[in-house]
Amino acid sequence: MDLGAITKYSALHAKPNGLILQYGTAGFRTKAEHLDHVMFRMGLLAVLRSKQTKSTIGVMVTASHNPEEDNGVKLVDPLGEMLAPSWEEHATYLANAEEQDMQRVLIDISEKEAVNLQQDAFVVIGRDTRPSSEKLSQSVIDGVTVLGGQFHDYGLLTTPQLHYMVYCRNTGGRYGKATIEGYYQKLSKAFVELTKQASCSGDEYRSLKVDCANGIGALKLREMEHYFSQGLSVQLFNDGSKGKLNHLCGADFVKSHQKPPQGMEIKSNERCCSFDGDADRIVYYYHDADGHFHLIDGDKIATLISSFLKELLVEIGESLNIGVVQTAYANGSSTRYLEEVMKVPVYCTKTGVKHLHHKAREFDIGVYFEANGHGTALFSTAVEMKIKQSAEQLEDKKRKAAKMLENIIDLFNQAAGDAISDMLVIEAILALKGLTVQQWDALYTDLPNRQLKVQVADRRVISTTNAERRAVTPPGLQEAINDLVKKYKLSRAFVRPSGTEDVVRVYAEADSQESADHLAHEVSLAVFQLAGGIGERPQPGF
Ligand code: NG1
Ligand code: ZN
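- Named according to an unreviewed UniProt entry, the protein chain is Phosphoacetylglucosamine mutase originating from Pan troglodytes.
- Among the UniProt annotations of the protein chain, the heading Pathway (unreviewed entry) holds the following wording: "Nucleotide-sugar biosynthesis; UDP-N-acetyl-alpha-D-glucosamine biosynthesis; N-acetyl-alpha-D-glucosamine 1-phosphate from alpha-D-glucosamine 6-phosphate (route I): step 2/2."

Here you go:
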């Protein structure tokens, strides 16, 4: 380590005084103007992680669904996964170090993790379309370079595309080619082969309206469109040509407001979907003949996918274990449907895809989705081999099912939840099963629900257990929630501190929208009173 150079260059990316940030569920995220030093330092950290793992590490510059003025950064581990927990701590430690302590902190991390500083390092970098992203990714590159790391800057990429690149590079090209072309070709080939097998390829199944949140998804989908146009025609909205990123559009807006995005004209029964700002989330929706809006969220996406996979396995005659992984935010109806009707085991983890991803790895086939539309399906290597063999050996009908499964495995991004890949999987399944968007929606009816935020002085006073479904502290809060929940039918409520915003999140569901709204409000008041609420008391009405 050239400590002199580090000190010199670090001063050019100086940390603002008194600023403390934490590497949370989605890396670092805050106003873009506060992030220059964090980017430089994450460049340094990525080099150390790369040396330690002897693998390529990814750095993605994005703040996903946050407003355009924000930005963020997260590191991607060798298999496309989120950063290991001990390194998240190092990230926080390094990001908050004072200038004069930088050398000591770097040495400290290297020693703790037994990093061989002589080892080569390679870092790949991607960024979203925010105005601040280009300059910030340059600061990451400065950090990588000053520690002697090699790098490849992919420029504009969706978050899942960067995960894909990292995964490809660390698996010797077996997973795919680590280029944008490689990504387009791998997914489109699988998609086109799959949809060729659909008997009903009538026009109604083949066109889709996509709200791109005025983000990177628009650019990448436009580039990719002609690769799969035989199977699907997409019409892009909020493509960034005029509107602001994530403003009144995108998956997060549609899911949390339960209404369509601005800038998209929807005729009744047309199939529509929204990506978020970095294209790792997707939700579907449509207007019925009476003009009512219907949201199809991550839970219903997981249901469609897991049912279809289960059907294929039955057809092939393979008894592999499938599991669905959700969080506490999953709609109660979805969990009930999966367990009781589909007979698929369901598991609940803490919020944040790294927890879901980790759990999903325990199954032959693990399907995981957050209700907000972030998810994918993971296939163990053994399953992949078995399916490939079946596709060669089995007789006619079974072989067809095995072929489909083989293509589906190729179509899912195994490195991360991916809006583009999920969209193609969903479109293929709908075409293969001849399902309309209404038929898909009718699998089960969501329980009415409401999500609220409460401002408190210190959200860390709330701690939870049982995959965030029970509050352990502050004292009395869980008892208060239990009493409130008892007042309503089919009800459930929980609270947890957000990992990405300085708020406490409240979730409630019940048999009617009115009850869900009331319950959510009452729980908010309990949080405000018992967990040190600040500002105005929560008011009823939304
Ligand atoms: P927080 O702010 O911890 O609730 C949100 C989402 C997560 C996840 C992260 C990262 C909800 C309720 N929470 O986390 O699911 O996507 O952002 O983007 O949707
Ligand atoms: Zn995102």
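On we go from here.
1. With respect to the coordination of the zinc ion (ligand 2)
Here is step 1 of the chain: At 2.0 to 2.1 Å from the zinc ion (ligand 2) lie its protein donor atoms, namely Ser 64 (OG), Asp 276 (OD), Asp 278 (OD) and Asp 280 (OD).
Here is step 2 of the chain: If you list the donors of the zinc ion (ligand 2) from N- to C-terminus, the spacing comes out as S-x211-D-x1-D-x1-D.

2. Side note on unusual backbone geometry
Here is step 1 of the chain: With an omega of 0°, the peptide bond running from Thr 473 to Pro 474 counts as cis.
Here is step 2 of the chain: With a phi close to 55°, Lys 54 is a non-glycine residue in the positive phi region.
Here is step 3 of the chain: With respect to the helices and strands, Lys 54 occurs in the loop between α2 (36–53) and β2 (56–61).
Here is step 4 of the chain: When its relative accessible area of 60% is taken as the criterion, Lys 54 is described as exposed.

3. Remarks on the packing of aromatic side chains
Here is step 1 of the chain: Taken as a whole and judged by the stated rule, the model has 15 aromatic pairs.
Here is step 2 of the chain: Relative to Tyr 183, the ring of Tyr 164 has its centre 5.2 Å away and its plane inclined at 80°; by these criteria the two rings are edge-to-face. You can see Tyr 164 sitting in helix α6 (residues 159–170) and its partner Tyr 183 sitting in helix α7 (residues 180–196), a full 19 residues away along the chain. For the residue pair Tyr 164 and Tyr 183, the accessibility class agrees, reading buried in each case.
Here is step 3 of the chain: Between Phe 379 and Phe 412 the ring centres are 6.1 Å apart and the planes differ by 40°, which places this aromatic pair in the tilted class.

4. A few points about the packing of α2 against helix α4 (residues 102–112)
Here is step 1 of the chain: Between α2 and α4, the shortest axis-to-axis distance is 11 Å and the interhelical angle comes to 25°. Viewed along their axes, α2 and α4 adopt a mutual orientation that is roughly parallel. α4 is crossed by α2, and the crossing has right-handed handedness. Counting all contacts with α2, which are made through Arg 41, Leu 44, Leu 45 and Leu 48, the residues of α4 involved are Met 102, Leu 106, Ile 109 and Ser 110.
Here is step 2 of the chain: Here the residues of the contact of α2 with α4 are counted per class, giving 6 nonpolar, 1 polar and 1 charged.

Rules and cut-offs
Within each chain, residue numbers correspond to sequence positions counted from 1 in written order. Chain labels run from A onward and ligand labels from 1 onward, assigned in the order the entries are written. Residues qualify for local features only when their pLDDT is at least 70, as the model is predicted, and side-chain atom pairs are given and counted only at 80 or more; totals for whole chains, interfaces and linings, by contrast, use all residues. Hydrogen atoms and water are omitted, and side-chain values are computed over all heavy atoms in the structure. UniProt positions are given in the numbering used here, feature names are shortened, and annotations may be inferred rather than shown by experiment. Counted as coordinating are nitrogen, oxygen and sulfur atoms within 2.8 Å of the metal, or 3.2 Å for Na, K and Ca, while water is not included, which may make sites look incomplete. In DSSP terms, a helix is any run of H or I states spanning at least four residues, a strand is any run of E spanning at least two, and both are numbered starting from the N terminus. Classification of residues uses two cut-offs on accessible area relative to the type maximum, computed with a 1.4 Å probe and protein chains only: under 20% is buried, over 50% is exposed, and between them is partly exposed. We call Phe, Tyr and Trp rings a pair once their centres come within 6.5 Å, taking the six-membered ring for Trp, and we label the pair stacked below 30 degrees between planes, edge-to-face above 60, and tilted otherwise. A fitted line through C-alpha atoms serves as each axis, taken over the contacting stretch for helices, and the angle formed by two N-to-C directions is quoted from 0 to 180°. Any angle between 65 and 115 degrees counts as roughly perpendicular, while under 35 counts as roughly parallel, over 145 as roughly antiparallel, and the rest as oblique. Left-handed describes a crossing whose near helix is turned anticlockwise from the far helix by less than a right angle; the clockwise case is right-handed. In this analysis, two residues are considered to be in contact whenever any of their non-hydrogen atoms come within 4.5 Å of each other. Charged residues are taken to be Asp, Glu, Lys and Arg, nonpolar residues to be Ala, Val, Leu, Ile, Met, Phe, Trp, Tyr, Cys and Pro, and polar residues to be all remaining types, Gly included.

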